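What follows is each chain in one-letter form.
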Amino acid sequence: MAPRPLNTAVHPLAIVSDIAVRLASGHDVVAKTNDVLEHLVAAFGVREAGLWLYSAKGLVCSLRAGESTITADEVAALLEGGEGSGATLAVHRLVAGSRRLGAIALRLAQPLGSEPLLAFGTVANILALELSRADQLRHLEGEIERRTRQLDDEKRFTEQIVDSLPVGLYVIDREYRVQAWNRKRETGMQGISREQALGRTIFEILHRAPAEALRKEFDEVFRTGRMQQFTIESRASGEARSYRITKLPMRLGDAAITHVITIGEDVTDWTQAQDRFAQSEKLAAIGQLAAGVMHEVNNPLATISACAESLGFRLDDLRSQGVDVPPQAGEFLRIIDGEVQRCKRIVDGLLDFSRPRSAEKVPVGINEVVEQAVFLVRHHARFRRLQLQTLLAADLPAVEGNAEQLVQVLMALLINAADAMPDEGTITIRTRGGLSRAEGVIAEVIDEGAGIARADLPRIFEPFFSTKAPGRGTGLGLSICYGIITEHGGRIEVDSAVGAGSTFRILLPGVVPA
């Protein structure tokens, strides 16, 4: 390429001014820098103009105009010598504050005079500022992008935590509009998606209570700043479930309460466990009471029975001697003996209830237990008008238990079922496998009787509580059954509704095969 002479028609200050205007216009720093290099080639009549920037590998030519002859070693040599101009090369360092960015290098066709060198240095300083500003802008944009990604990641992480909670959670603002709605709410009782819920008022979504009642709950938290907690019952899923509702005040900054967080937790299992624990404590207390009085009651009962028997013998002797004995005397003695025997049955029941059950336990097949219980009751007078149906699942695991006690439990449940069915009907005994080892085997006694009132269900296993007519039971049968099954590591449940019959369910742990 033939060298071009210096354009002496243009004053060096005009060159600087023109380049400054070029750098001030537009936004693409690469295009502007390339334009400056081409302008330097044309204005100073040089063979080549190159932009050299520092990198991890040292000086690298990032842009150039004209020829391609300048090397990194040439540029570095002049910079180490304090920059300047030689016969064929002029170099000016690019510095912005304390940062060394690199250099501009010109391949000269002829040496530059003082004014062109001054203009060249001025152009280099202006370009350094522009490159530094662009670098800072890129850094700022990169930092903004990084921070934005970080905030997005933190937001997604927080949302993931909220969505992973095993509770339903939502947040409303002071206009009662939903601002947060976790995934548990989407899969909960009403199954409303987050997209459907956000931005709508809570009254458009929840219908468990009148809008005014819900509004009062939220207003109370907004007004007082105190947490609210209460339990509700729901049958939205088809079965009765208990939910603990907690409302928490939330503030954005130090201002007044701006939002209310509502958490709904299914506490059905916990409530049932608490009820069973309370029931066990109650039964234990009754057992201790029974143990303290049963012997004291047995002694006078034995005395009364012996005296009645002696009176009966004496009356027989008087009759054999021709003495006129009032006819009511024998009847009264039979009544006394009958009532004594009834009292003894109550005491025996208390003894069974309170006595430690340490009977030997071995692997037992639940189907064999059912068949033995059915065999024993089938010819009972109460079952002559009823049908007994067994639905026994095959291949059930064995249970660790005492067969005699388990037969006693099933017989008691079958007799109760018969008592609940005054007319003809069917009693079904069903066995099946459970969902876990703790509920490995399930046995159910299902009747078509009158059912049990909901108000009576919590007390059904209490000692002396009975829904039968007076004189038809002691109220201890189900309590004894409860104690036996609990001692076997299982539990007994009941599902019942008035007019729909009852299902008593025994759940026992299965034996793990060796």
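None of these values were measured; they are calculated from a predicted model.

Student: When you look at the sheet that holds strand 15 (residues 441-446) in this model, what are you seeing that I'm missing?
Tutor: Consider a sheet: its strands pair through backbone hydrogen bonds, and that pairing is either parallel or antiparallel. With mixed pairing, the 5 strands of this open sheet are ordered in space as 12-14-15-17-16. Here the strands that pair on one side only, and so sit at the sheet edges, are strand 12 (386-392) and strand 16 (491-496). Across this sheet, the average inter-strand angle for adjacent strands is 15 degrees, counted without regard to direction. Where strand 12 meets strand 14 (residues 425-433), 7 bridges bridge the pair, whose relative direction is parallel. Bridging across to strand 14, Leu 392 finds its partner in Thr 431. Sheet strands in contact with helix 10 (residues 366-377) are strand 12, strand 14, strand 15 and strand 17 (502-508), and its direction is about 170 degrees off that of strand 12.

Student: Explain the side chain of His 39 here, please?
Tutor: Position of His 39 relative to the elements: it lies in helix 2 (residues 29-44). Judged by its relative accessible area of 18%, His 39 falls in the buried class. Each residue touching His 39, except ones within four places of it in the same chain, is listed here: Ile 15, Asp 18, Ile 19 and Arg 22.

Student: Can you walk me through the pattern of salt bridges in this structure?
Tutor: The full count for this structure, using the stated rule, is 23 salt bridges. Close ionic contact of Arg 244 with Glu 265 constitutes a salt bridge, the shortest N to O distance being 3.0 Å. Placement of Arg 244 in strand 9 (residues 241-251) and of Glu 265 in strand 10 (residues 257-266) is noted, with a sequence separation of 21 residues between them. On the basis of relative accessible area, Glu 265 is assigned to the partly exposed category, the value being 30%. A salt bridge links Arg 432 to Glu 444; the nearest nitrogen and oxygen atoms lie 3.1 Å apart. Of this pair, Arg 432 sits in strand 14 while Glu 444 sits in strand 15, and the two are 12 residues apart along the sequence. Residues participating in the shared-partner salt-bridge network are Arg 430, Arg 432, Glu 439, Glu 444, Arg 491, Glu 493, Asp 495 and Arg 505.

Student: It is not clear to me how helix 7 (residues 211-224) should be interpreted in this structure. Could you clarify?
Tutor: Helical geometry note: an α-helix holds 3.6 residues per turn, so side chains three or four residues apart project in the same direction. Between its first and last C-alpha atoms helix 7 spans 20 Å; for 14 residues at 1.5 Å apiece the expected length is 20 Å, and the two agree. The complete set of buried residues in helix 7 reads Leu 214, Glu 217, Phe 218, Val 221 and Phe 222. Summarising the axial view, the buried residues of helix 7 lie within an arc of 130 degrees, below the 170-degree limit, and thus occupy one face. Exposed residues lying more than 90 degrees from the buried face of helix 7 are Lys 216 and Arg 223. Where the residues of helix 7 are buried, they touch strand 6 (168-173), strand 8 (228-234), strand 9 and strand 10. Backbone geometry just downstream of helix 7 places Gly 225 in the positive-phi region, at approximately 75 degrees.

Basis of the calculations
- Residues numbered from 1 in each chain as written.
- Predicted model: local features only at pLDDT ≥ 70, side-chain atom pairs only at ≥ 80, totals over all residues.
- Heavy atoms only, no water.
- Pairing = 2+ DSSP bridges.
- Helix = DSSP H or I, 4+ residues; strand = E, 2+ residues; numbered from the N terminus.
- Axes fitted to C-alpha atoms, helices over the stretch in contact; angles between N-to-C directions.
- Contact = heavy atoms within 4.5 Å.
- Buried < 20%, exposed > 50% of the residue type's maximum accessible area, 1.4 Å probe, protein only.
- Salt bridge = Lys/Arg side-chain N within 4 Å of Asp/Glu carboxyl O.
- Expected span 1.5 Å × (residues − 1).
- Arc of directions from axis to C-beta.

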